[in-house]
Amino acid sequence: MEKSSSNETQTLTSKKELLDCTEGEDCKENGLLVKNPKSALQLVEDGNKVHPSQGEKGEAGQISNGYSVVQNPVPCNGIGDGEDVQCMAPAAATTTSTTCGVEAQPQLLELEERETWSKKMDFLLSVIGYAVDLGNVWRFPYICYQNGGGAFLIPYTIMAIFGGIPLFYMELALGQYHRNGCISIWRKICPIFKGIGFTICIIAFYIASYYNTIMAWALYYLISSFTSELPWTSCKNAWNTGNCTNYFTNASITWTPYSISPAEEFYTRQVLQVQRSKGLDDLGGISWQLTLCLLLIFTIVYFSIWKGVKTSGKVVWVTATFPYIILFILLIRGATLPGAWRGVVFYLKPDWQKLLATEVWVDAAAQIFFSLGPGFGVLLAFASYNKFHNNCYQDALITSTVNCMTSFVSGFVIFTVLGYMAEMRNEEVSEVAKDTGPSLLFITYAEAIANMPASTFFAIIFFLMLLTLGLDSTFAGLEGVITAVLDEFPHVWGKRREWFVLGLIITCFLGSLTTLTFGGAYVVKLFEEYATGPAVLTVVFLESIAVAWFYGINQFCSDMKEMLGFTPGWYWRLCWVAISPIFLLFIICSFMSSPPDLRLFDYNYPYWTTIVGYCIGTSSVICIPIYMAYRLIITPGTFKERILKSITPETATEIPFGDIRMNAV
């Protein structure tokens, strides 16, 4: 409390302009805020007027949308008559009784102590770095050409406008207003849904257990690139087989259905070593090379996030901007390659008949949702470190637009190279573009780079780009968990952040061991399809229902008016209440009705892996009904009273009001 008091006093005394105290104003003496009972209600912060409060129309002491000043009824002592007293230039004033001194300090809560972003750009780059990840580079181009090329942009845009962006905006607003992580925030919204927060934390652990392994593959490639001749350019290595065909070095060689490129054999037989595993029932040993790569990845992650957003906000200036520089370089290089136009035509040529297929709309909805990334707790965490009156509406539009445009431009980067590959193989682009997911990057694109002039340079910057794309997404995912736990258990971990982050990193590393085995790629594919997709969709569906229907759309919009100075229009309300939940339910039902038929390389996943996949997905979502049951059991009263108490916010949301603290009443 000594530290807290010191900070509060310092805040009150740090204003640049001090005016002589006159009657009807709030005054400050000895660094403590004094209230004049005759003062009128006004809402002014840092000299800038915010929107008129509803308190002008209501009872005295009420401040906009049911908020009142947290006051201690004990009157001030020691305010000498006739003393020269000063008060702050425009500050919050109320009609409540006078308080000051030590008695009022316990009522000043911890909002001023919460860490904030050093700069607005730190926040924007962190959100962009989180949203723009490896999926933008490999998933969107593949989904686009698979579902009608240019025609796919129509359902993609519609799903972004009515589903993805409203959910993205909602999470930013919730985090910024309530200033809590994904667990404790539910005490202020709808306590019975608190299990959503625990579900998000488990999902984040699953993601960290396989997503960073993909970055370990990229790091292995990066290290292997520091040679005069890239190792995946020839068939003369120890890991190559008789089917290895290097058509780049010999134009007379014919590509057959049995041909395997040196890039594919390097990826499967040297990096992953899948030939030493029989499948999920026999994963084989652990690759020590990938283990060391992953250890280095987690070490970088730890020292980037261990101190909080003050340090990670600086790191993203590199990790979020560097990929755009490289994408621009690769785009220029790809456009100058022979046959590049074939790839662009294949990428954008519209197939209007595809728009009649339901799966195209499902893919569009899933792509925009997983690209923007609501439901992972990250947007809540990042926005909670914003200043209260930050314009998160503008932030949501900027970052979501940048994310969608990055996906679109990435398609040109990928397909110009695929057109070049088709030209070299004398095949159709559709035959070259069979690889999906990581294989598109680690086989097809790596092979194209290897046969360009200055191949070593382009290989180094390309895999550096993949690393930076993955790193800031990992920073964000783990920060969502860290913020949630520290806000939920501040007395335990509040001053031990470094130790908690270290424990979390070690846990994620140990959880990744199965993905480091010779059959680890099969595990990555299983987790990617089942551990995150349906679970996150369920989380955001319930989140949107809880906010719009239990917390109340009118209350949510009033909160946003309190924070931003304007009320969201009918379009946003309609999306939050009906369209976005329907959008999510549509994707969930589509997934549940037709689970993915998994296949990787020459391995067909057995039927029992589908059951295992659903069990993994359910293991996180099960936290939601378990906590609901627990909440109803521990709440006293009749069943109806328990329900009402469980859906009623139990904790006031503190909001800044000039230099005093406000609580919901």
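Bear in mind that the values here come from a model prediction, so they are computed numbers and not experimental data.

1. Observations concerning the overall build of the protein chain
Part 1 of the reasoning: Within the protein chain, the secondary structure is distributed over 24 helices and 12 strands.
Part 2 of the reasoning: Put simply, of all contacts in the protein chain between residues at least 6 apart along the chain, 82% involve residues at least 24 apart.
Part 3 of the reasoning: In the structure as shown, the protein chain presents an accessible area of about 27600 Å², 62% of it carried by carbon and sulfur atoms.

2. Thoughts on unusual backbone geometry
Part 1 of the reasoning: Not every positive phi belongs to a glycine, and arginine 179 is a case in point at roughly 55°.
Part 2 of the reasoning: Relative to the elements of secondary structure, arginine 179 occurs in the loop between α5 (153-178) and α6 (195-224).
Part 3 of the reasoning: One non-glycine residue, phenylalanine 601, lies in positive phi territory at about 55°.
Part 4 of the reasoning: Here phenylalanine 601 is to be found in the loop between β9 (599-600) and β10 (603-604).

3. Here's the deal with the environment of serine 304
Part 1 of the reasoning: Looking at the element boundaries, serine 304 is found in helix α8 (residues 288-305).
Part 2 of the reasoning: Sequence separation of serine 304 and valine 315 is 11 residues, and the distance between their C-alpha atoms is 6.7 Å.
Part 3 of the reasoning: Those residues in contact with serine 304, other than ones at most four positions away along the chain, are Thr311, Ser312, Val315 and Phe475.
Part 4 of the reasoning: Of the polar contacts made by the side chain of serine 304, one reaches the backbone oxygen of isoleucine 300; its length is 2.8 Å.

4. Details of the pattern of salt bridges
Part 1 of the reasoning: Scanning the entire structure with this criterion turns up 11 salt bridges.
Part 2 of the reasoning: Measuring nitrogen to oxygen at the nearest pair gives 3.1 Å for the salt bridge that ties glutamate 423 to arginine 342. Remark: arginine 342 occurs in helix α11 (residues 340-348) and glutamate 423 occurs in helix α14 (residues 392-425); sequence separation between them is 81 residues.
Part 3 of the reasoning: In this structure, glutamate 650 and arginine 631 form a salt bridge, with 2.5 Å as the shortest nitrogen-oxygen distance. Taken together, the residues glutamate 650 in the loop between α24 (639-646) and β11 (655-657) and arginine 631 in helix α23 (residues 623-634) connect sequence positions 19 residues apart.
Part 4 of the reasoning: Residue classification places glutamate 650 among the partly exposed residues on the basis of a relative accessible area of 41%.
Part 5 of the reasoning: A single network of salt bridges, built from pairs that share partners, joins Arg187, Lys194 and Glu488.

5. Examining the environment of glycine 565
Part 1 of the reasoning: Of note, glycine 565 is situated in the loop between α20 (520-564) and α21 (570-593).
Part 2 of the reasoning: Here glycine 565 falls in the partly exposed class, since its relative accessible area comes to 28%.
Part 3 of the reasoning: Separated by 176 residues in sequence, glycine 565 and histidine 389 have C-alpha atoms that sit 8.3 Å apart.

6. Considerations on α5
Part 1 of the reasoning: End to end, α5 covers 35 Å across 26 residues, agreeing with the expected 38 Å (1.5 Å per residue, within 8%).
Part 2 of the reasoning: For α5, the principal kink sits at alanine 160 and spans about 50°.

7. Here we look at the environment of phenylalanine 226
Part 1 of the reasoning: If you trace the backbone, phenylalanine 226 turns up in the loop between α6 and α7 (262-271).
Part 2 of the reasoning: The spacing of phenylalanine 226 and isoleucine 460 is 234 residues in sequence and 7.4 Å in space, taken between C-alpha atoms.

8. Looking at the state of the cysteines
Part 1 of the reasoning: Enumeration over the complete set of coordinates arrives at 1 disulfide.
Part 2 of the reasoning: A disulfide bridge connects cysteine 235 with cysteine 244, and the sulfur atoms are separated by 2.0 Å. Around the S-S axis, the bridge from cysteine 235 to cysteine 244 shows a dihedral of about -75° and counts as left-handed.
Part 3 of the reasoning: Accessibility expressed as a relative area gives 27% for cysteine 235, which makes it partly exposed.
Part 4 of the reasoning: Given a relative accessible area of 12%, cysteine 244 falls into the buried group.
Part 5 of the reasoning: Sulfur of cysteine 623: no disulfide; nearest cysteine sulfur belongs to cysteine 201 and is 9.1 Å away.

9. So, the UniProt feature "binding site: Na(+)" (unreviewed entry) in the protein chain
Part 1 of the reasoning: Within this numbering scheme, the UniProt entry marks Gly129, Ala131, Val132, Asn136, Ser371, Asn403, Leu469, Asp472 and Ser473 as carrying the feature "binding site: Na(+)" (unreviewed entry). Spatial clustering of the annotated residues is evident: they stretch over 345 residues in sequence, but the largest pairwise C-alpha distance comes to 14.1 Å.
Part 2 of the reasoning: Tracing the backbone shows valine 132 in the loop between α3 (120-131) and α4 (134-146).
Part 3 of the reasoning: Once residues within four sequence positions are removed from consideration, valine 132 is found in contact with Tyr324, Asn403, Thr406, Leu469, Asp472 and Ser473.
Part 4 of the reasoning: Residue position: serine 371 is located in helix α12 (residues 358-372).
Part 5 of the reasoning: For serine 371, a relative accessible area of 4% corresponds to the buried category.

10. A few points about the confidence of the model for the protein chain
Part 1 of the reasoning: Here the protein chain averages 80 in pLDDT, while 80% of its residues score no lower than 70.
Part 2 of the reasoning: For the stretch residues 1-112, pLDDT sits under 50, and the model shows 205 contacts to residues farther than four places along the chain or on other chains.

11. Comments concerning the packing of α5 against α20
Part 1 of the reasoning: Two numbers describe how α5 lies on α20: the axes approach to 10 Å, and their chain directions differ by 60°. In this view, α5 runs oblique relative to α20, as classed from their interaxial angle. The element α5 and its partner α20 pack so that their crossing is left-handed. Listed contacts from α20 to Leu167, Tyr169, Met170, Glu171, Ala173, Leu174, Gln176, Tyr177 and His178 of α5 are Val540, Glu543, Ser544, Val547, Tyr551, Phe556, Asp559, Met560, Glu562, Met563 and Leu564.
Part 2 of the reasoning: Residues that form the contact of α5 with α20 fall into these classes: 13 nonpolar, 3 polar and 4 charged.

12. What about the packing of aromatic side chains?
Part 1 of the reasoning: This structure, assessed with the given rule, holds 58 aromatic pairs.
Part 2 of the reasoning: For the ring pair phenylalanine 198 and tyrosine 627, a centre distance of 6.3 Å and an interplane angle of 40° mean the geometry is tilted. Of this pair, phenylalanine 198 sits in helix α6 while tyrosine 627 is found in helix α23, placing the two residues 429 residues apart along the sequence.
Part 3 of the reasoning: Judged by centre distance (6.3 Å) and plane angle (50°), the ring pair of tyrosine 220 and phenylalanine 266 falls under tilted. Highlighted residues: tyrosine 220 in helix α6 and phenylalanine 266 in helix α7, separated in sequence by 46 residues. Assigned by exposure class, tyrosine 220 and phenylalanine 266 land together as buried.
Part 4 of the reasoning: Members of the aromatic cluster, joined through ring pairs, are Trp217, Tyr220, Tyr221, Trp232, Trp239, Phe266, Tyr267, Phe442, Tyr445, Phe462, Phe463 and Phe601.
Part 5 of the reasoning: The ring centre of tryptophan 306 lies 4.7 Å from the NZ or CZ of lysine 307, which sits over that ring.

Criteria and thresholds
Residues take numbers from 1 onward in each chain, read along the sequence in its written order. Reporting in this predicted model follows two pLDDT cut-offs: at least 70 for local features of residues, and 80 or more for side-chain atom pairs to be given and counted; totals over whole chains, interfaces and linings ignore these cut-offs and use all residues. Side-chain figures throughout are based on the complete set of non-hydrogen atoms in the structure, without hydrogens or water. The helix count covers DSSP runs of H or I at least four residues long, the strand count covers runs of E at least two residues long, and both are numbered beginning at the N terminus. By definition, residues are in contact when any of their heavy atoms lie within 4.5 Å. Here the accessible surface of atoms and residues is derived via Shrake-Rupley with a 1.4 Å probe, and residues count as covered only by protein chains that are part of the display. Each polar contact in these results corresponds to two N or O atoms within 3.5 Å; when the atoms are within protein, one needs to be able to donate a hydrogen and the other to accept it, and residues that are neighboring in sequence are counted only if both atoms are side-chain atoms. By convention in these notes, a salt bridge is any Lys or Arg side-chain nitrogen within 4 Å of a carboxyl oxygen on Asp or Glu. The classification of residues rests on relative accessible area computed with a 1.4 Å probe and restricted to protein chains. Under 20% of the type maximum is buried, over 50% is exposed, and intermediate values are partly exposed. Expected span of a helix, by definition, is 1.5 Å for each gap between consecutive residues, and there is one gap fewer than residues. Note on bend: the value at a residue is the angle between axes fitted to the seven residues ending there and to the seven starting there. Cysteine sulfur atoms that pair up within 2.5 Å are treated as a disulfide. UniProt positions are given in the numbering used here, feature names are shortened, and annotations may be inferred rather than shown by experiment. Known as pLDDT, the predictor's per-residue confidence is scaled from 0 to 100. Note on method: axes are straight lines fitted to C-alpha atoms, helices fitted across the in-contact stretch only, with angles between N-to-C directions ranging 0 to 180 degrees. Angle categories: roughly parallel below 35 degrees, roughly antiparallel above 145, roughly perpendicular from 65 to 115, and oblique for all the rest. Handedness of each helix crossing follows the sense of rotation of the near helix against the far helix: counterclockwise by less than a right angle gives left-handed, clockwise gives right-handed. Here the nonpolar group is Ala, Val, Leu, Ile, Met, Phe, Trp, Tyr, Cys and Pro; Asp, Glu, Lys and Arg are the charged ones; every other residue, Gly included, is treated as polar. Here a pair means two rings of Phe, Tyr or Trp (six-membered ring of Trp) with centres within 6.5 Å. Their orientation is stacked below 30 degrees between planes, edge-to-face above 60, and tilted elsewhere. A ring is scored as having a charge over it whenever the NZ atom of a lysine or the CZ atom of an arginine sits within 6 Å of its centre and within 35 degrees of its normal.

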